[in-house]
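# Coordinates in review
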Amino acid sequence: MKKICVYCGSSPGKSPEYIEAARVLGRELVKRDITLVYGGASVGIMGEIADTVLSAGGEVVGIMPQALVDKEISHSGLTDLRVVGSMHERKAMMEDISDGFIALPGGMGTIEELFEVLTWSQLGYHRKPCALLNIKGYYDSITQFLNHAVEEQFVKPIHREMILIEHKPDRLLDLMAAYKPPAVDKWIGRNET
Ligand code: AMP
């Protein structure tokens, strides 16, 4: 993996553990010579992980729609800041140039972005690892809901298992490096579980 996309909050969150997790992940990316791809903001957890990677000597690509450049305060010190025309272009470019995706704690934007790449994976549009860095159990209720969706037969177990979940950044990156995508896409064997 050369480039990893990290989705995370444009807010810092309530607990300092969220910010600390962004720092640990950022340093781990640099240690493994992996470029950070993210939304390009200088605020919240987004700004924190970018600052950490840059100050540890790593590379950061930020991708931001023109309409958000002022609102999310685009980061002025990135290796590469790409300003695009729309949110859809942003998400497509983030997916296209990255070899895997991690969601740190964040709000609706973060959750939407992770679920989009997960649904693209389930449809076989890409075969890259999608992961949750579950700090302080922040994503426990989402994982419980997905288990419920499997029980109710709206999600196949093989697609639920695509989501790599860990609370330690180094272990999560190891899981991503070893990831094997499911052999079945959503519409093959649709009557099987
Ligand atoms: P949040 O997790 O809501 O703090 O947002 C984190 C990042 O997701 C920010 O850069 C937002 O611009 C971005 N974002 C917000 N809404 C969306 C969306 N519908 N699709 C993609 N990204 C979004």
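Turning to its location among the elements, Arg-90 is positioned in helix H3 (residues 87-97). By relative accessible area, which is 3% here, Arg-90 ends up buried. What Arg-90 contacts, discounting residues up to four positions off in sequence, is Gly-39, Met-46, Ile-63, Met-64, Pro-65, Leu-68, Glu-72, Val-84 and Glu-113.

Glancing now at the site of the ligand. If you check the shell around the ligand, you find 16 residues, and the closest are Ser-10, Glu-72, Gly-107, Thr-110 and Glu-112. One nitrogen or oxygen atom from the side chain of Thr-110 is found 2.6 Å from an oxygen atom belonging to the ligand. Glu-112 is positioned such that a nitrogen or oxygen atom in its side chain is 2.8 Å from a nitrogen atom of the ligand. A total of 490 Å² of accessible area belongs to the ligand in isolation, and the protein chains cover 79% of it. Those elements giving two or more residues to the shell around the ligand turn out to be H3 and helix H4 (108-122). When residues in the shell around the ligand are grouped by element, the largest group, five residues, is from H4.

This part covers the pairing of strand E6 (residues 130-133). Burial along E6 is two-sided: Cys-130 and Leu-132 facing one way and Ala-131 and Leu-133 facing the other are all buried. Bridge count between strand E5 (residues 101-103) and E6: three bridges; the pairing is parallel. Looking across to E6, one finds that Ala-103 is bridged to Leu-132. In this structure, E6 lies alongside strand E7 (residues 163-166), joined through four bridges in parallel fashion. The residue of E7 that forms the bridge with Leu-133 is Glu-166.

Below, the discussion takes up helix H5 (residues 140-151). When the terminal C-alpha atoms of H5 are compared, their 17 Å separation across twelve residues agrees well with the 16 Å that a helix rising 1.5 Å per residue should span. Within H5, the full set of buried residues consists of Ile-142, Thr-143, Leu-146 and Ala-149. Down the axis of H5, the smallest arc covering the buried residues is 110 degrees, so these residues share one side. Along H5, exposed side chains directed more than 90 degrees from the buried face belong to Ser-141, Gln-144 and Glu-151.

Right, let's get into the nonpolar core. Buried together is how nonpolar side chains tend to be arranged in soluble globular proteins. Counting 55 residues, the largest nonpolar core has Val-6, Leu-25, Leu-36, Ile-49, Ile-102 and Leu-104 as the members making the most contacts within it. At seven residues, helix H1 (residues 16-31) tops the list of elements feeding residues into this core. With sequence-adjacent residues up to four places away left out, Leu-25 is seen in contact with Val-6, Ile-49, Ile-102, Leu-104, Leu-133, Pro-169 and Leu-173.

Per the stated rule, a full pass over the model turns up three aromatic pairs. Seen in terms of ring centroids, Tyr-7 and Phe-101 are 6.2 Å apart; in terms of plane orientation they differ by 5 degrees. Their pairing is stacked. One end of the pair, Tyr-7, is in strand E1 (residues 3-7); the other, Phe-101, is in strand E5, with 94 residues separating them in the sequence. On the basis of an interplanar angle of 70 degrees and a centroid distance of 4.8 Å, the ring pair of Tyr-138 and Tyr-139 is categorised as edge-to-face. Among the aromatic residues, those joined into a ring-pair cluster are Tyr-18, Tyr-138 and Tyr-139.

Reading the values: rules and limits
Residues numbered from 1 in each chain as written. Predicted model: local features only at pLDDT ≥ 70, side-chain atom pairs only at ≥ 80, totals over all residues. Heavy atoms only, no water. Helix = DSSP H or I, 4+ residues; strand = E, 2+ residues; numbered from the N terminus. Buried < 20%, exposed > 50% of the residue type's maximum accessible area, 1.4 Å probe, protein only. Contact = heavy atoms within 4.5 Å. Near = heavy atom within 4 Å. Polar contact = N/O pair within 3.5 Å; in protein donor to acceptor, adjacent residues only side chain to side chain. Areas by Shrake-Rupley, 256 points an atom, 1.4 Å probe, with all protein chains shown as cover. Pairing = 2+ DSSP bridges. Expected span 1.5 Å × (residues − 1). Arc of directions from axis to C-beta. Core = buried A, V, L, I, M, F, W, Y, C linked by side-chain atoms within 4.5 Å. Phe/Tyr/Trp six-rings, centres within 6.5 Å; stacked < 30°, edge-to-face > 60°.

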